Amino acid sequence: MKKYLDSTICWPLAIILFILCLISCYTIKCAAGYITYPNPTGYWSKQLLYYMIGVGLIFLINRFGNDRIYSGMWIFYGILIVFLVGLVIQRFAIYKLGMQIIPFAKDLNGATSWYNFPGFSFQPSEFMKVVMIICMSKTVSLHNEKYLIHTFDTDLQLIGRVAAIALPPMILTYLQNDAGVTLIMAFSVVVILFASGINKKWYIVGFACLAVVLIIFTYLFIYRQDIFSSIITGHKLDRFYGWVDPEGTYQNQGYQLYNAMMAYGTAGLFGHGFDTVIISLQEAHTDFIFSVITLGFGFVGAIITLIAILALDVCILYVGLKATHQSDKYFIAGIFGCMIFQQFWNIAMILGILPITGITLPFLSYGGSSLLSYMIAIGMCFDIHRQTSIAKYNQID
């Protein structure tokens, strides 16, 4: 019986999560000298607290099971929509009327994405990306149970239903000036639709449209910068120019990226350590946590971190491939897509390959909302593995 109970726990996932917790908390603690916010030495202990709360959520999810989550998630979807609408209203009130309308709504770094309650902050869009994936997964599963054969009409129906779930939170999140989370949500939609089995011609059309948009924006940037700057404005435009020419815009837009490149470019094999602050890194504990890892621990530390991240991805993908319920498979596909996109974009923007968009590194960057939302997803992964193990045991028995 003990061997059976042990087999229902996904121990590789638990071990990887523990390793990521150690890397995250220790790096945030070491990065205190780079953090400009008040009480920087307390961030690592808060991150550890978020991990502990997340472990509690994992136990609760495994206690009640994923079935209840799937059935009750529409309630949370509606609540989070209300929170997102409140933030959009507050953003309009701040920038158009210069006043506070929505209690506790907070504007930070050009985005109105948080509620600053006494003792903690809450970012609805981070939780919404997971809730949205759960709702889409159940919707796709019910659709495919009803329509066993994919046709143009059934695919169109499915795309419409998924869009009806995804577009409202995506639009509301973008209106808060949070392009990063909007991109993450969009990519999760793409991955879930791909996993649903729709005709791949839809993707050819989608990628063709994306290519046309990129070509148009490239043309405007090179030949018609007046039009380009009227489309991409404010904070986004600053970040774009900082990405294109970080050295030339070092005193302004390129400051973050140039210093991040200097951090990993001079770290060598084992890094500089953290005895002395040798360079300035804004948002060292959030968006630029990977730069802190490379700065302090060098190439070796970066490789160990990347292996841990890859191991997490592989483990989650393995759980999804072994899942017995279709809704669980689609959920894993969506979460896997979210994490892969977020990991790739965060590291790529630090390397200067992609623009800086405020996308954090999952399970490593500091942030309660981001970490707890993903811990909910991990809790569901544990329950999926448990259900799969029970089904396998019953077959053998």
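Residues numbered from 1 in each chain as written. Predicted model: local features only at pLDDT ≥ 70, side-chain atom pairs only at ≥ 80, totals over all residues. Heavy atoms only, no water.

*Asks:* Can you break down the nonpolar core residue by residue, with the values?
*Replies:* The biggest cluster of nonpolar side chains holds 103 residues, and the ones touching the most others in it are Phe331 and Phe363. Non-local contacts of phenylalanine 331, meaning those with residues more than four positions away in its chain, are made with Tyr70, Ile133, Ile134, Ser137, Ala377, Met380 and Ile384. One finds Leu220, Phe221, Phe228 and Leu237 within the second-largest nonpolar core, a separate group that totals 6 residues. (Core = buried A, V, L, I, M, F, W, Y, C linked by side-chain atoms within 4.5 Å. Buried < 20%, exposed > 50% of the residue type's maximum accessible area, 1.4 Å probe, protein only. Contact = heavy atoms within 4.5 Å.)

*Asks:* Could you give me a rundown of the packing of helix H6 (residues 152-175) against helix H7 (residues 179-196), with the residues and numbers involved?
*Replies:* For the pair H6 and H7, interaxial distance at closest approach is 9 Å and the crossing angle is 170°. Between H6 and H7, the angle falls in the class roughly antiparallel. On H7, the residues that touch Leu158, Ile159, Val162, Ala166, Pro169, Met170, Thr173 and Tyr174 of H6 are Ala179, Val181, Thr182, Met185, Ala186, Val189, Leu193 and Ser196. The residue inventory of the contact of H6 with H7, partitioned by class, reads 13 nonpolar, 3 polar and no charged. (Axes fitted to C-alpha atoms, helices over the stretch in contact; angles between N-to-C directions. Helix = DSSP H or I, 4+ residues; strand = E, 2+ residues; numbered from the N terminus. Parallel < 35°, antiparallel > 145°, perpendicular 65-115°, else oblique. Nonpolar A, V, L, I, M, F, W, Y, C, P; charged D, E, K, R; others polar.)

*Asks:* Kindly report on helix H2 (residues 11-30), identifying the contributing residues and their values.
*Replies:* Over its 20 residues, H2 runs 29 Å from end to end, which matches the ideal 28 Å to within 8%, given 1.5 Å per residue. Where H2 is concerned, the buried positions are Leu13, Ile16, Leu17, Leu20, Cys21, Ile23, Ser24, Cys25, Thr27, Ile28 and Cys30. (Expected span 1.5 Å × (residues − 1).)

*Asks:* Describe in detail helix H3 (residues 43-64), supporting the description with residues and values.
*Replies:* Across its 22 residues, H3 extends 32 Å between first and last C-alpha, which sits within 8% of the 32 Å expected from 1.5 Å per residue. Among the residues of H3, Tyr43, Gln47, Tyr50, Tyr51, Gly54, Ile58 and Ile61 are the ones counted as buried. With its buried residues spanning 105° around the axis, H3 presents them on a single face. H3 presents Met52, Phe59 and Arg63 as exposed residues on the side facing more than 90 degrees away from its buried surface. (Arc of directions from axis to C-beta.)

*Asks:* Describe in detail the packing of aromatic side chains, supporting the description with residues and values.
*Replies:* Counted under the stated rule, the structure contains 18 aromatic pairs. Pairing tyrosine 50 with tyrosine 366 gives two aromatic rings, centres 6.0 Å apart and planes at 50°, and the pair type is tilted. Here tyrosine 366 lies in the loop between helix H13 (326-350) and helix H14 (368-396) and tyrosine 50 lies in helix H3, a separation of 316 residues in the sequence. Relative to tyrosine 374, the ring of phenylalanine 363 lies with its centre 5.6 Å away and its plane at 35°, an arrangement referred to as tilted. Of the two residues, phenylalanine 363 is situated in the loop between H13 and H14 and tyrosine 374 in helix H14; the sequence distance between them amounts to 11 residues. Accessibility expressed as a relative area gives 2% for phenylalanine 363, which makes it buried. Taken together, the aromatic side chains of Phe83, Phe104, Tyr115, Phe117, Phe120, Phe122 and Phe127 make up a single cluster linked through ring pairs. Note that lysine 46 overlies the ring of tyrosine 43, its terminal NZ or CZ placed 5.6 Å from the centroid. Directly above the aromatic system of tyrosine 70 lies the positively charged group of lysine 138, at a separation of 5.7 Å from the ring centroid. (Phe/Tyr/Trp six-rings, centres within 6.5 Å; stacked < 30°, edge-to-face > 60°. Lys NZ or Arg CZ within 6 Å of the ring centre and 35° of its normal.)

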